[in-house]
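Residue-level structural notes
Residues per chain, in single letters:
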Amino acid sequence: DGKPIQHTWFYPPHLDHRLLPYLVELCQGGYGDIEMHLHHNHMEPFPDTSETLRSKILRCIENYGKFGIFTQPDGQPRFAFIHGDWSLDNSIGNHICGVNDELTILRECGCYADFTFPCLNKAQPAMLNTIYYAIDDPGRPKSYNRGVTVKCNSKAPENGLMIIQGILGLRPDETKRLKFAIDYSDIDFNDPPTTGRVDYWLKNAIYIEGKPNWKFIKLHTHGAPEIRWKANFGRQADIAFKYLEDQYKDDKIYCLHYITAREMYNVIRAAESGAQQFRSIYRDLEIKLYPYCNQS
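All of the points below concern the structure found in this document.

**A few points about helix H7 (residues 261-272)**
Given 3.6 residues per helical turn, the α-helix brings residues three or four places apart onto the same face. Taking 1.5 Å per residue as the helical rise, H7 with its twelve residues ought to reach 16 Å, and the 16 Å between its terminal C-alpha atoms agrees with that figure. Counting buried positions along H7 yields eleven of twelve residues, so the element is predominantly enclosed. Residues of H7 that are buried: Ala261, Arg262, Glu263, Met264, Tyr265, Asn266, Val267, Ile268, Ala270, Ala271 and Glu272. Residue Gly274 follows H7 closely and has a positive phi angle near 105°.

**Digging into the environment of Asp16**
The topology assignment puts Asp16 in the loop between strand S1 (7-11) and helix H1 (20-28). Here the side chain of Asp16 touches Arg18 through a polar contact of 2.8 Å, side chain to side chain.

**So, the packing of aromatic side chains**
What the rule picks out here adds up to ten aromatic pairs. Considering the side-chain rings of Phe70 and Phe79, the 5.7 Å spacing of their centres and the 50° angle between planes classify their relative orientation as tilted. Each member of the pair, Phe70 together with Phe79, is buried. Each member of the aromatic cluster is reached from another via a ring pair, and the members are Tyr64, Phe70, Phe79, Tyr290 and Tyr292.

**Re the packing of helix H4 (residues 195-203) against helix H6 (residues 235-247)**
The relative placement of two packed helices comes down to the angle between their axes together with the axis-to-axis distance. One way to put it is that H4 packs onto H6 with a least axis distance of 8 Å and a crossing angle of 45°. As far as their axial angle goes, H6 and H4 are oblique. Judged by the sense of rotation from one axis to the other, the crossing of H4 with H6 is right-handed. Between H4 and H6, the residues in contact are Thr195, Val198, Asp199 and Leu202 and Ile239, Ala240, Tyr243 and Leu244, respectively. In the contact of H4 with H6, the residues fall into six nonpolar, one polar and one charged.

**Let's talk about the pattern of salt bridges**
Counted by the stated rule, this structure contains 20 salt bridges. Linking Arg18 and Asp16 is a salt bridge whose minimum nitrogen-to-oxygen distance equals 2.8 Å. The exposure class assigned to Arg18 is exposed, which follows from its relative accessible area of 65%. Classification of Asp16 by relative accessible area gives partly exposed; the value is 34%. A salt bridge links Arg269 to Glu272; its shortest N-O distance comes to 2.8 Å. Here the residue Arg269 and the residue Glu272 both occupy positions in helix H7, the gap between them amounting to three residues, near one helical turn. Owing to a relative accessible area of 23%, Arg269 belongs among the partly exposed residues under this scheme. Under the relative-accessibility criterion, Glu272 is labelled buried at 2%.

**Focus on the packing of helix H2 (residues 50-65) against helix H3 (residues 102-109)**
Put simply, H2 and H3 touch, their axes get as near as 10 Å, and they point 35° apart. Note that H2 runs across H3; the crossing there is right-handed. Contacts from Ser50, Leu53, Arg54, Ile57, Leu58 and Ile61 in H2 reach Glu102, Ile105, Leu106, Glu108 and Cys109 in H3. Considered class by class, the residues forming the contact of H2 with H3 number seven nonpolar, one polar and three charged.

**Points about the nonpolar core**
Within the largest apolar cluster, 79 residues are counted, with the highest numbers of intra-cluster contacts made by Ile57, Ile69, Phe79 and Phe115. Considering each element in turn, this core owes the most residues, seven residues, to H7. The residues contacting Ile69, other than those within four sequence positions of it, are Leu20, Val24, Ile34, Tyr64, Tyr290 and Tyr292.

**So, the layout of surface pockets**
The space that makes up the second largest pocket amounts to roughly 220 Å³. Along the walls of the second largest pocket sit 14 residues, with Arg78, Tyr112, Gly160, Tyr265 and Glu286 positioned nearest its centre. Mapped onto the lining of the second largest pocket, the elements with two or more residues apiece are strand S4 (111-114), strand S7 (160-163) and H7. At three residues, S7 tops the list of elements feeding residues into the lining of the second largest pocket.

**A closer look at the pairing of strand S5 (residues 132-135)**
Looking at chain direction, S5 and strand S6 (residues 148-149) are connected through two bridges and run antiparallel. Residue Tyr133 lies in a different strand from S6, and its bridge partner there is Val148. Across four bridges, S5 lies against S7 in antiparallel orientation. Bridge pairing links Ile135 to Gly160 in S7.

The rules behind each value
Residue indices follow the written sequence of each chain, beginning from 1 at its first position. Per-residue local features are limited, in this predicted model, to residues with pLDDT of at least 70; the limit for side-chain atom pairs, both in listing and counting, is 80 or more; totals at the level of whole chains, interfaces and linings are taken over all residues. Computation of side-chain values: all heavy atoms of the structure, hydrogens and water removed. Strands are runs of DSSP state E lasting at least two residues, helices are runs of H or I lasting at least four, and both sets are numbered from the N terminus onward. For a helix, the expected span equals 1.5 Å multiplied by the number of residues minus one. Remark: exposure states derive from per-residue accessible area (1.4 Å probe, protein chains only) relative to the maximum for the residue type, with buried under 20%, exposed over 50%, and partly exposed in between. For the purposes of these results, a polar contact is taken to be a pair of N or O atoms within 3.5 Å, where, inside protein, one atom must be able to donate a hydrogen and its partner to accept one; residues adjacent in sequence count only when each atom of the pair is a side-chain atom. Aromatic contacts are taken between Phe, Tyr and Trp rings whose centres are within 6.5 Å, Trp giving its six-membered ring; a plane angle under 30 degrees counts as stacked, one over 60 as edge-to-face, and the others as tilted. Each axis is a line fitted through C-alpha atoms, and for a helix only the stretch in contact is used; angles between axes span 0 to 180 degrees, taken between their N-to-C directions. Should an angle fall under 35 degrees it is called roughly parallel, over 145 degrees roughly antiparallel, and 65 to 115 degrees roughly perpendicular, with every other angle called oblique. For any pair of crossing helices, the crossing counts as left-handed if the nearer helix is rotated counterclockwise from the farther one by less than a right angle, and right-handed if it is rotated clockwise. Any two residues whose heavy atoms approach within 4.5 Å are treated as being in contact. Here the nonpolar group is Ala, Val, Leu, Ile, Met, Phe, Trp, Tyr, Cys and Pro; Asp, Glu, Lys and Arg are the charged ones; every other residue, Gly included, is treated as polar. A carboxyl oxygen of Asp or Glu within 4 Å of a side-chain nitrogen of Lys or Arg is what we treat as a salt bridge. Take the buried Ala, Val, Leu, Ile, Met, Phe, Trp, Tyr and Cys residues and link them wherever side-chain atoms come within 4.5 Å; each set so joined is a nonpolar core. Every definition here rests on a 1 Å grid over the protein atoms only: cavities are sets of points where a 1.4 Å probe fits but cannot get out, pockets are open sets enclosed by protein on both sides within 12 Å along at least five of seven lines, and lining residues have some atom within 4 Å of a point. Grid points are joined across faces, edges and corners, and a volume is the space filled by probe spheres set on the points. For two strands to be treated as a pair, DSSP must find no fewer than two bridges joining them.

So, in structure tokens, the structure goes:
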């Protein structure tokens, strides 16, 4: 529907805020969104309590809000979230997180969905390849391990935080010694995008119960050093995305849409409410486009 490849910059607030205007320019150009990626163990004070974590999130919202990031028409900020080192809700331990009621704090601060997963460690939810609502248990860690599956024509549970995952599974790979690889939706120099991976993603794409023809593929990378840049924007990526557009965009069997994390959440909400066909307006259904602006 006319959109180029989209990217969501989950930019950590402990990094240099002088880079935000450059990301804002890319968002203003229509190439993506900016969201929150919190390594709160890299921010003082630490160890955290519920109160100090909440303060860090609100401080990020305030600082990013100066650039129009997270801003909504009603004045209430909303944001998507990725937890640093995958340790959402204290799932890996106190040395990285330490807050068992993190899901509650996120939701109360305006988080509309978590995009942390998949991963290859003990933080991975038991509900693989599923979009679902996590209900916080403030008394224990990793309370997102199981939840309420998102379904068509259903209502979100009270106090639920949507967990939007990428694909996790085994795929054939002739380049590997054992002729297979664990695919966890990562694009990196040691696992670049290929035509084979494109086919794998389409075959194993995540969908909402009751809407199998709406296939969601969430990919991720980590930072932009030279070694990753080549995998994401070089010749290999060009071949993979050209193949994606040649094979899966005939507007008969397949319609291809590039969307940000925010837009993906909105489209999921549209499907959940019973929408029959994709419409471009669903991109901004609930969480509106942030009014990106550079500070004067």
